[in-house]
Amino acid sequence: MNQLAVQLNYLAKKGWKPRNSEENYLITLLKVELSKVALKEAKGKSLRKLFEDAVASVASESSTGTWTSVYSGKGSGIPLSAKKRAMAYDLDYKNLMFKVAYPIDLFELDNISGLLAGIVGNIAGMKMVSAMRVYDIRFPKKMIQAFPGPKFGVQGVRKLLKKKKGPFVVTVPKPKIGRTDKEQADLARVLFTSGNGTYDGIKDDENLTNLEFNQYNKRCKLVLNELRKAEKKTGNKKFYLCNTTHSNLDKMVERANLIKKNGGIFMMMDVITTGFSAVDTIRRRNLGLAIHAHRAMHGFMTRDNSPGVHGNGKLNGFSISMVTIAKLFRLLGVDSLHGGSPLAKMEDYGEAEYIQKVLQEKENKPHKKIPSLGQNWHNIKPVWMTASGGLHPGDFEFVLDKLGEDIILQCGGGLLGHPNGVEAGVIAIEEARELAMKKGSFKKFVKDNPKSELANAINLWGYGPRIVY
């Protein structure tokens, strides 16, 4: 066991709760599995005691402790460490779940990178545990207030696009790599002007940055030129989620400024691969663009196929929940974030629906099935939830019912794969959105309008996702 955890006692007494946690503490919620090494070295200790040792070690290692007892004399820092230490509490001995309360004095309030280095930086390396999941973080009020949050948020983006209600629809060109910059601009024109001209957006995919055959500067100018012409022709505002992602922050700023210069309102960045520092810096520089957060690579952190991913059962690996990721990026100030789909693999638990609440409610409560802590967001604006993953027109009725209308519906193959072509795909989505907003029955519509483009789409793809994420 972590000996300093014994020296300072990082395990709270039964029934202990952090006093005035909204003001004084940051809270985390975790689950662990005890390793074979820990069980082998148990030396007669019960599983209950081993679990207590593990959670105390987590609290110790992530706050003021270390792996062994240390000098405690004059100038040692031990008295202050004891006062500022984190406390593990609310132990669930059956499911090996627990919470850790951290005094806010342990953190630089406006520094997410420093925060994560502390609370989850080293704990996954402890030999006592063979698996661990971070389910949630609850931020105290002072930390929330240290961040500006989204510049625009849900209502701000609606104002930019002059659209008071309804979801936005956006398409990623497919194949994701294959079109030239001019071909992508040609696709944008078709998307923006087909049907009734109500289609909202086009989006770069994650691996489309600045390529020899599809150059960033040229693509940005060409697509935004088509966007302006389409707005004039249709009378409807449009947006382009132009991918600024780069490992050089100065290059990202340069790309964002080009979007602004050419009349764009949105920039896209892959927030996992660019990192928390990049997101925080871009937001605080106030570049005048809404930030669309793509989450490429998140699955290597969030995906967990263990039986215990939602609390009951055994964990097989180390992971962090998408709920936690969503909270971090809302705090950092993105305006839209991919959160999955209620038709995807977590639908039985309502994960996408809860992520939508995390992104948009002012004070969301803990979920009944998904281990969570809730959050009061105080000054932080709501964020657009982007639903994606095998979506097509036949899904709209269900998705809007589950997630509401403050969402961006991303359909790539679900538009471009329409049997009658791209224009027909746009019309099918226009019909699906209008019908879903009116709460109409899709099955009745298909029966009454068998030759409609929506009916053609549903006859091909049905009413559920074709690809499950």
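Residues numbered from 1 in each chain as written. Predicted model: local features only at pLDDT ≥ 70, side-chain atom pairs only at ≥ 80, totals over all residues. Heavy atoms only, no water.

### Comments concerning the environment of P175
Reasoning step 1: Looking at where P175 falls in the secondary structure, it is placed in the loop between β5 (168–171) and α9 (181–193).
Reasoning step 2: P175 sits 30 residues away from D205 along the chain, and the two C-alpha atoms are 9.5 Å apart. (Helix = DSSP H or I, 4+ residues; strand = E, 2+ residues; numbered from the N terminus.)

### Regarding the packing of helix α19 (residues 422–437) against helix α21 (residues 453–461)
Reasoning step 1: Put simply, α19 and α21 touch, their axes get as near as 7 Å, and they point 95 degrees apart. On the basis of the axis angle, α19 is roughly perpendicular to α21. Contacts between α19 and α21 involve A424, I427, A428, E431, A432 and L435 from the first element and E453, L454 and A457 from the second.
Reasoning step 2: Grouping the constituent residues of the contact of α19 with α21 by class yields seven nonpolar, no polar and two charged. (Axes fitted to C-alpha atoms, helices over the stretch in contact; angles between N-to-C directions. Parallel < 35°, antiparallel > 145°, perpendicular 65-115°, else oblique. Contact = heavy atoms within 4.5 Å. Nonpolar A, V, L, I, M, F, W, Y, C, P; charged D, E, K, R; others polar.)

### What to know about the pattern of salt bridges
Reasoning step 1: The full count for this structure, using the stated rule, is 29 salt bridges.
Reasoning step 2: One salt-bridge network, held together by shared partners, links K182, D186, R189, E226 and K229. (Salt bridge = Lys/Arg side-chain N within 4 Å of Asp/Glu carboxyl O.)

### A look at the confidence of the model for the chain
Reasoning step 1: A residue-level look at the chain finds 96% of positions with pLDDT of 70 or above and a mean pLDDT of 93.
Reasoning step 2: Within the model, the stretch residues 1–6 combines pLDDT values under 50 with 29 contacts to residues more than four positions away or in other chains. (pLDDT = per-residue confidence, 0-100.)

### Here's the deal with the sheet that holds strand β8 (residues 266–270)
Reasoning step 1: Around the barrel, which closes on itself, the eight strands sit in the order β5-β6-β7-β8-β9-β11-β14-β15 with parallel pairing between neighbours. For this sheet, the mean inter-axis angle between neighbouring strands, taken without regard to orientation, is 25 degrees.
Reasoning step 2: As paired elements, strand β14 (residues 384–387) and strand β15 (residues 407–410) share three bridges and run parallel to each other. Bridge pairing links T386 to I408 in β15.
Reasoning step 3: Of the strands in this sheet, β5, β7 (239–243), β8, β9 (290–294) and β14 touch helix α8 (residues 153–161), which is tilted by about 80 degrees from β14. (Pairing = 2+ DSSP bridges.)

### Digging into empty space enclosed by the protein
Reasoning step 1: Per the stated rule, a full pass over the model turns up two cavities of 30 Å³ or more.
Reasoning step 2: The calculated volume of the largest cavity comes to roughly 50 Å³.
Reasoning step 3: Lining the largest cavity, in full, are K151, M267, I282, R283, N286, L287, G288, L289 and I291.
Reasoning step 4: Its residues assigned to classes, the lining of the largest cavity shows five nonpolar, two polar and two charged.
Reasoning step 5: In this model, the second largest cavity occupies a volume close to 40 Å³.
Reasoning step 6: Lining the second largest cavity are R133, Y135, V309, H310, S321, V323, E351, I370 and P371.
Reasoning step 7: Along the lines of polarity and charge, the residues of the lining of the second largest cavity split into five nonpolar, two polar and two charged. (1 Å grid on protein atoms, 1.4 Å probe; cavity = no way out; pocket = protein on both sides within 12 Å on 5 of 7 lines; lining within 4 Å. Points joined across faces, edges and corners; volume = space filled by probe spheres on them.)

### Looking at the packing of helix α17 (residues 396–403) against α19
Reasoning step 1: Between α17 and α19, the shortest axis-to-axis distance is 9 Å and the interhelical angle comes to 45 degrees. Taken together, α17 and α19 sit at an angle that is classed as oblique. The crossing of α17 and α19 is right-handed. Contacts between α17 and α19 pair F396, E397 and L400 from the former with I429, A432, R433, A436 and M437 from the latter.
Reasoning step 2: Taken together, the residues of the contact of α17 with α19 break down into six nonpolar, no polar and two charged. (Left-handed = near helix turned anticlockwise from the far one by under 90°.)

### Some thoughts on the packing of aromatic side chains
Reasoning step 1: This structure, assessed with the given rule, holds nine aromatic pairs.
Reasoning step 2: Here the aromatic cluster, defined as three or more aromatic residues joined through ring pairs, consists of F168, F239, F266 and W384.
Reasoning step 3: A cation over an aromatic ring shows up here: R158 above the ring of F168, its NZ or CZ 5.7 Å from the ring centre. (Phe/Tyr/Trp six-rings, centres within 6.5 Å; stacked < 30°, edge-to-face > 60°. Lys NZ or Arg CZ within 6 Å of the ring centre and 35° of its normal.)

### Notes on the pairing of strand β2 (residues 87–92)
Working note: regular strand, side chains alternate between the two faces of the sheet.
Reasoning step 1: Across four bridges, the pairing between β2 and strand β3 (residues 97–103) is antiparallel. Pairing of Y89 across the sheet is with K99, part of β3.
Reasoning step 2: Here β2 folds back onto β3, and the loop between the two strands holds four residues, one of which, L96, carries a positive phi near 55 degrees.

### Examining α8
Reasoning step 1: Taken together, the buried positions of α8 are G153, V154, G156, V157, R158 and L161.
Reasoning step 2: Check the buried side of α8 and you find it contacts β5, β7, β8, β9, α16 (351–360) and β14.
Reasoning step 3: Backbone geometry just downstream of α8 places K162 in the positive-phi region, at approximately 50 degrees. (Buried < 20%, exposed > 50% of the residue type's maximum accessible area, 1.4 Å probe, protein only.)

### Quick look at the sheet that holds β3
Reasoning step 1: Spatially, the five strands line up as an open sheet ordered β2-β3-β1-β4-β10, and their pairing is mixed. Here the strands that pair on one side only, and so sit at the sheet edges, are β2 and β10 (318–320). Mean inter-strand twist for the sheet, computed between neighbouring axes without regard to direction, equals 20 degrees.
Reasoning step 2: Taken together, the eight bridges between strand β1 (residues 25–34) and strand β4 (residues 129–138) define a ladder with antiparallel strand orientation. The residue of β4 that forms the bridge with I27 is R138.
Reasoning step 3: With respect to the sheet, helix α4 (residues 47–61) is in contact with β1, β2, β3 and β4, its orientation differing from that of β2 by roughly 145 degrees.
Reasoning step 4: Set on the sheet, helix α15 (residues 322–332) makes contact with β4 and β10; between it and β4 the angle comes to about 40 degrees.

### Structural notes on the side chain of S62
Reasoning step 1: Following the sequence through the fold, S62 ends up in the loop between α4 and α5 (78–84).
Reasoning step 2: Among the polar contacts listed, one links the side chain of S62 to the side chain of Y102, at a separation of 2.6 Å.
Reasoning step 3: If sequence neighbours within four positions are ignored, S62 has contacts with Y102, G118, I119 and I123. (Polar contact = N/O pair within 3.5 Å; in protein donor to acceptor, adjacent residues only side chain to side chain.)

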